[in-house]
Amino acid sequence: MTTYVRACGLSELEEDTPKRVELDGTPVSVVRTEGEVFAIHDICSHANVSLSEGEVEDCQIECWLHGSAFDLRTGKPSGLPATRPVPVYPVKIEGDDVLVSLTQES
């Protein structure tokens, strides 16, 4: 059974602006974009940098340090220097609550 925990309120999320949360000690970036809400591991796989400090565009989050972008749906990088994906997590919305499961989708 998948367990979900509250990450934040839907009303707290600005379009295309990542929000960093910590769930059970795991850093997660929650992003509202293109009518959906995504949760992705907040640490770049190339460098120990918070992805939530980067920009969101075309359903990707960019690492501000070296420019690698990660697909919010799959966690896969779209360009160098990152070559390894980052985990993405299941999200569900209940009322104004954004719930995230730390069970990885990918």
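This text goes with the structure placed above it.
An account of the accompanying structure is given in this report.

Here is what the cut-offs are and how they apply
- Every chain is numbered independently, its residues counted from 1 as its sequence is written.
- This being a predicted model, a pLDDT of at least 70 is required before a residue's local features are given, and a value of 80 or more before pairs of side-chain atoms are given or counted; all residues contribute to the totals for chains, interfaces and linings.
- Only hydrogens and water are set aside; all other atoms, that is, all heavy atoms of the structure, feed into the side-chain values.
- Strands are runs of DSSP state E lasting at least two residues, helices are runs of H or I lasting at least four, and both sets are numbered from the N terminus onward.
- The reference for a compact globule is 2.2 Å times residues^0.38; the radius of gyration itself is calculated from the C-alpha atoms.
- If DSSP finds at least two bridges between two strands, the strands pair.

1. Points about the overall build of the chain
Line of reasoning, step 1. When you go through the chain residue by residue, the secondary structure sums to zero helices and 10 strands.
Line of reasoning, step 2. The order of α-helices and β-strands along the chain, N terminus first, is β-β-β-β-β-β-β-β-β-β.
Line of reasoning, step 3. What you see for the chain is a C-alpha radius of gyration of 13 Å, in line with the 13 Å of a compact globule of 106 residues.
Line of reasoning, step 4. When its C-alpha atoms are laid out on the principal axes, the chain stretches across 40 × 30 × 20 Å.

2. Digging into the sheet that holds strand S5 (residues 56-57)
Line of reasoning, step 1. Taken in spatial order, the three strands of this open sheet run S5-S6-S7, and their pairing is antiparallel. Edge strands, defined here as strands with exactly one partner in the open sheet, are S5 and strand S7 (69-71).

3. Notes on unusual backbone geometry
Line of reasoning, step 1. A cis amide bond, omega 10 degrees, links leucine 80 with the succeeding residue proline 81.
Line of reasoning, step 2. Along the chain, the position of proline 81 falls in the loop between S7 and strand S8 (88-89).
Line of reasoning, step 3. With a phi angle near 50 degrees, glutamate 34 is a residue other than glycine that sits in the positive phi range.
Line of reasoning, step 4. Its place among the elements puts glutamate 34 in the loop between strand S3 (26-33) and strand S4 (36-41).
Line of reasoning, step 5. Despite not being glycine, cysteine 59 shows a phi value in the positive range, around 60 degrees.
Line of reasoning, step 6. One can find cysteine 59 in the loop between S5 and strand S6 (60-62).

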